[in-house]
There are 2 protein chains.
Amino acid sequence: MSHQFHHSAEDLIRHNGGKVTAGRVGILAVLLAEQQAITHREIEQRLPQTLQLDRVTLYRVLEWLAGKNLIHKVSSDDRVWRYHANRDVSSHQHAHFKCTGCAQVICLETLPVERNWQLPAGYRFQEIELTVKGLCASCC
Amino acid sequence: MSHQFHHSAEDLIRHNGGKVTAGRVGILAVLLAEQQAITHREIEQRLPQTLQLDRVTLYRVLEWLAGKNLIHKVSSDDRVWRYHANRDVSSHQHAHFKCTGCAQVICLETLPVERNWQLPAGYRFQEIELTVKGLCASCC
DNA sequence: AGATAAATGCAACAATGTTGCACTCATTGT
DNA sequence: ACAATGAGTGCAACATTGTTGCATTTATCT
Ligand SMILES: [Mn+2]
Ligand SMILES: [Mn+2]
Ligand SMILES: [Zn+2]
Ligand SMILES: [Zn+2]
């Protein structure tokens, strides 16, 4: 885990008016260092040994970070939330790719889908959630 | 619950080489009578009082019906599977709509999405899972 | 340093779904 | 009609993910 991410994390948290705690910084640093959207478990594993957090705290920190728009949650058919640091890409709506082999999830750049859906009369559109499934390079 | 569905259900099960049990018939009849994709709980509630099934049996029946392609499962961000009888529409890939107010899920007819996704090099496309979120007519 | 609210840890809980195993019963053949 | 058989079921126990309440700790401000 590079100092870079640790420092960025600290900065982002402070600028969002939250207490700068070891847990928050560590968790956000993990997410900033990660390309993929990762689970609760995977975050735990990537945290430094010196930083052992309660599961509940982890969940609460993730909720807080999501509320501050520093990260976003990705839902999946395996009933497990995955989390990913927000970058330029993730500020707008985007699709996700999930490997059916190894379950890794990555964010895709685009969301090339029509917005004018033929919804039943009286229904109102809000947003689209799209997951492309397939095999990643390692699983092909 | 109309006799119609009960009879259709019995037929469908028999023609798929499974034992015609009260549970299977009752569950499939419920799903045939329903427009929306409904949850485990909702199915239970719609079953006749005379037919009390164990939760496990319900899950196993649903799994069996899905394996026989008589129904399909719909995943959702609330970590609850919903089930829907297969009709013409559902034989091919289709999108779903989920109301953010009341959590109802319906199947949409079309899936107007490009198939040629710009996936990272070496990745292979399999399928798309798309949920349109919004408000249903009652929740608008 | 002391006050304060925010953050954390722990225990308990909830919801959804799965597994193993003994028992039941729908179907088949006689 | 009856018996044999294996598919289907019920029950208990378990697994996983996530949430809630409350007492304790700690980052931050003065
Ligand atoms: Mn994403
Ligand atoms: Mn459907
Ligand atoms: Zn993979
Ligand atoms: Zn609604």
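Scroll up to find the structure this text is about.
Residues numbered from 1 in each chain as written. Chains lettered and ligands numbered in written order. Predicted model: local features only at pLDDT ≥ 70, side-chain atom pairs only at ≥ 80, totals over all residues. Heavy atoms only, no water.

Participant: Please explain the overall build of chain A as it appears in this structure.
Facilitator: Looking only at helices and strands, chain A features five helices and six strands. In chain A, the order of α-helices and β-strands from amino to carboxyl end is α-α-β-α-α-β-β-α-β-β-β. By principal-axis analysis of the C-alpha atoms, chain A measures approximately 55 × 40 × 25 Å. A burial count over chain A gives 44% of its 140 residues as buried. For chain A, long-range pairs separated by at least 24 residues make up 47% of all intrachain contacts whose partners lie at least 6 apart in sequence. As presented, chain A carries roughly 7,700 Å² of accessible surface, and 46% of it is formed by carbon and sulfur atoms. (Helix = DSSP H or I, 4+ residues; strand = E, 2+ residues; numbered from the N terminus. Buried < 20%, exposed > 50% of the residue type's maximum accessible area, 1.4 Å probe, protein only. Contact = heavy atoms within 4.5 Å. Areas by Shrake-Rupley, 256 points an atom, 1.4 Å probe, with all protein chains shown as cover.)

Participant: Hey, could you run me through the protein's contact with DNA strand D in this one?
Facilitator: What surrounds DNA strand D is a group of 22 residues, the closest being W81 of chain A together with K19, R24, T57 and R60 of chain B. Contacts to DNA strand D include V20 of chain A, whose backbone N or O atom sits 3.0 Å from a phosphate oxygen. In the model, a base oxygen of DNA strand D is placed 3.4 Å from a nitrogen or oxygen of the R60 of chain A side chain. Mapped onto the surface near DNA strand D, the elements with two or more residues apiece are α4 (55-67) of chain A together with α4 (55-67) of chain B. (Near = heavy atom within 4 Å. Polar contact = N/O pair within 3.5 Å; in protein donor to acceptor, adjacent residues only side chain to side chain.)

Participant: Please clarify how the relation of the copies chain B and chain A should be interpreted in this entry.
Facilitator: Each copy of the chain is related to the other by a rotation around an axis and a translation along that axis. Least-squares fitting of chain B to chain A yields an RMSD of 0.0 Å, with the transformation described by 0.0 Å of translation along the axis and a rotation of 180°. Those values place the two copies in the arrangement expected of a two-fold rotation axis. Taken as a fraction of all interface residues of chain B, those also at the interface in chain A reach 100%, which identifies the copy contact as same-surface. (Least-squares fit on C-alpha atoms with pLDDT ≥ 70 in both.)

Participant: Sorry, what's going on with the packing of aromatic side chains here?
Facilitator: In this description, a pair of aromatic rings is defined by centroid distance and the angle of the planes. Summed over the entire model, instances satisfying the criterion amount to two aromatic pairs over all chains. Against the face of W64 of chain B rests R24 of chain B, its NZ or CZ located 3.8 Å from the ring centre. (Phe/Tyr/Trp six-rings, centres within 6.5 Å; stacked < 30°, edge-to-face > 60°. Lys NZ or Arg CZ within 6 Å of the ring centre and 35° of its normal.)

Participant: I'm lost on the protein's contact with DNA strand C in this one. Help?
Facilitator: Around DNA strand C, a shell composed of 22 residues is seen, among which R24, T57 and R60 of chain A together with Y59 and W81 of chain B lie nearest. Of everything in DNA strand C that lies within 4 Å of the protein, sugar and phosphate atoms constitute 56%. Measuring from a phosphate oxygen of DNA strand C, one finds a side-chain N or O atom of R24 of chain A at 2.6 Å. V20 of chain B has a polar backbone atom sitting 3.1 Å from a phosphate oxygen of DNA strand C.

Participant: I'm lost on the interface of chain B and chain A in this one. Help?
Facilitator: Frequently, the measure chosen for interface size is the accessible area that the parts lose on association. Contact residues are listed per partner, giving 35 residues for chain B and 35 residues for chain A. Carbon and sulfur atoms make up 60% of the area that chain B and chain A hide from each other, which totals about 3,300 Å². Area buried by chain B at its contact with chain A is led by R79, W117 and Y123 of chain B, which between them contribute 20% of it. Seen at the junction of chain B and chain A, the total is two salt bridges. Here K133 of chain A makes a salt bridge to E129 of chain B, at a shortest N to O gap of 2.7 Å. Our count for the chain B to chain A interface comes out at 13 residue pairs in polar contact (both at pLDDT 80 or more). A per-element tally of the side of chain B that touches chain A places strand β6 (residues 124-135) of chain B first, with 12 residues. Tallied by class, the residues present in the side of chain B that touches chain A amount to 20 nonpolar, eight polar and seven charged. Where strand β6 (residues 124-135) of chain A lies against β6 of chain B, 11 bridges are found, and the strand directions are antiparallel. Among the inter-strand pairings, F125 of chain A is bridged to a residue of β6 of chain B, identified as G134 of chain B. (Buried area = accessible area lost by both parts, 1.4 Å probe. Salt bridge = Lys/Arg side-chain N within 4 Å of Asp/Glu carboxyl O. Nonpolar A, V, L, I, M, F, W, Y, C, P; charged D, E, K, R; others polar. Pairing = 2+ DSSP bridges.)

Participant: Where do I start with the pattern of salt bridges in this structure?
Facilitator: Close approach of charged atoms allows side chains of opposite charge to pair. All chains considered together, the criterion is met by 16 salt bridges over all chains. Measuring nitrogen to oxygen at the nearest pair gives 3.6 Å for the salt bridge that ties E63 of chain B to K73 of chain B. Taken together, the positions of E63 of chain B in helix α4 and K73 of chain B in strand β2 (residues 71-74) put the pair 10 residues apart, joining distant regions of the chain. Through salt bridges with shared partners, a single ionic network connects D77, D78, R82, K98 and K133 of chain A together with E129 of chain B.

Participant: Any chance you could explain the coordination of the zinc ion (ligand 4) here in plain terms?
Facilitator: All names here are of chain B. Each protein donor to the zinc ion (ligand 4) is listed here as C99 (SG), C102 (SG), C136 (SG) and C139 (SG); together their distances run 2.2 to 2.5 Å. Coordination at the zinc ion (ligand 4) comes from four donor atoms whose angles at the metal span 103 to 117°, giving a geometry best classed as tetrahedral. Spacing between the donor residues of the zinc ion (ligand 4) along the chain follows C-x2-C-x33-C-x2-C. Here C139 lies in the segment after β6 and C102 lies in the loop between β4 (96-99) and β5 (105-107), a separation of 37 residues in the sequence. (Donors = N, O, S within 2.8 Å, 3.2 Å for Na, K, Ca; no water. Tetrahedral: all angles 85-135°; square planar, octahedral: opposite > 155°, others 65-115°.)

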